[in-house]
Amino acid sequence: AGGPLSGRLGGEKLVRLAFNRALDSCLWDLGYGDIFNANPRQFSILRNMYLVDPAAIFDTDLDSPHWQNIRGKVKHAHAGLLVTDSHFSTLMQHVQAALTNRNDDSQRAGTEGSSEEQPPQVSDEAIREAMRRLELLRAEATCNFRISVRDAVLQNTAAWRSSVLNDLQTQQLTGVAEDLRRRILQSPVLNSTSLQHRTAADLEAHVLGYLNSGVDATSGPVRVPEGELSKVAHLVLTSLARDAFLTAGWAEEVVHILHLTLLHEWESAH
């Protein structure tokens, strides 16, 4: 059937509901939800962008100035959030699931004899077309992450790491290692991996070697077991490491660069 894509998806109200459900799901995603929960204000801006005029995302002519305006709004809404390609793909999957599950909800309501008028079924082709349209916004959604990683890589030199080490107090090195070990042992995702056998001394030695350029800088400040961690487990580790550095009193700008280094390593590994 023809007509605007938003109409074939059930209309603006139902498209808005699908986005709302998808964004809620992002907050609860193990590992992935961290970057959204870390900046509630920016996430609120992101949610508002998707909910104010969701039909425009699907119906606007791609050759029109208004589409360029939408691309700019998407870029602005994702600024301040480290949305990787994987995070954006997860958001798309949740939107797809919300649209598909709405079909399932309608079928169940009909089977159970609900007297309420049920919305029309959304065709698989309409859902696929919606995903293709969202895919066009990937570059804008992930722009902030890509720029941030580029800047972090440029700044994270041997001289920079040496200066970080010079500014650290001994208890900050010991503190991050002890805190990270505690977080690993408390994590249901990580406490059954080989990381459980890493002592605080092991973790501290790697951080010290990293800052001294005694280990490969591309390995990041936390040594990841090669080939063992799932994509989600590895992502959880990056968040726990960031939190451990902050708890140990490391400067926020330093932690930001180290966290980006870990995220870049995670994205490259998976």
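This structure is a prediction, so every number in the text was calculated from the model and none was measured. (Residues numbered from 1 in each chain as written. Predicted model: local features only at pLDDT ≥ 70, side-chain atom pairs only at ≥ 80, totals over all residues. Heavy atoms only, no water.)

Caption draft 1: Broad picture of empty space enclosed by the protein. For the structure on display, the rule yields one cavity of 30 Å³ or more. Looking at the largest cavity, its volume works out to about 40 Å³. Counting residues per element, the ones that place at least two in the lining of the largest cavity are α2 (12-28) and α7 (85-111). Top element by residues in the lining of the largest cavity is α2. It accounts for four residues. (1 Å grid on protein atoms, 1.4 Å probe; cavity = no way out; pocket = protein on both sides within 12 Å on 5 of 7 lines; lining within 4 Å. Points joined across faces, edges and corners; volume = space filled by probe spheres on them. Helix = DSSP H or I, 4+ residues; strand = E, 2+ residues; numbered from the N terminus.)

Caption draft 2: Representation of the packing of helix α13 (residues 231-247) against helix α14 (residues 252-269). Where α13 meets α14, the closest approach of the two axes is 9 Å, and the angle between their N-to-C directions is 170°. With respect to α14, the axis of α13 lies roughly antiparallel. On α14, the residues touching K231, H234, L235, T238, A241, R242, F245 and L246 of α13 are E252, V255, L258, H259, L262, L263, E265, W266 and A269. Residues of the contact of α13 with α14, tallied by class, amount to 10 nonpolar, three polar and four charged. (Axes fitted to C-alpha atoms, helices over the stretch in contact; angles between N-to-C directions. Parallel < 35°, antiparallel > 145°, perpendicular 65-115°, else oblique. Contact = heavy atoms within 4.5 Å. Nonpolar A, V, L, I, M, F, W, Y, C, P; charged D, E, K, R; others polar.)

Caption draft 3: Region of interest: the side chain of S6. Relative to the helices and strands, S6 is located in helix α1 (residues 5-8). Not counting residues within four places of it along the chain, the set of residues in contact with S6 comprises G11, V15, A55, F58 and D59.

Caption draft 4: Local environment of the confidence of the model for the chain. Residues at a pLDDT of 70 or more form 91% of the chain, whose mean pLDDT is 91. Low pLDDT, under 50, characterises residues 106-113; the predicted model gives this stretch six contacts beyond four residues in sequence or across chains. (pLDDT = per-residue confidence, 0-100.)

Caption draft 5: Broad picture of the pattern of salt bridges. In this structure the tally under the stated criterion is 13 salt bridges. One salt bridge in this structure joins R132 and E125, with 2.9 Å as the shortest N-O distance. We classify E125 as partly exposed; its relative accessible area is 36%. Taken together, the shared-partner salt bridges connect D34, R242 and D243 into one network. (Salt bridge = Lys/Arg side-chain N within 4 Å of Asp/Glu carboxyl O. Buried < 20%, exposed > 50% of the residue type's maximum accessible area, 1.4 Å probe, protein only.)

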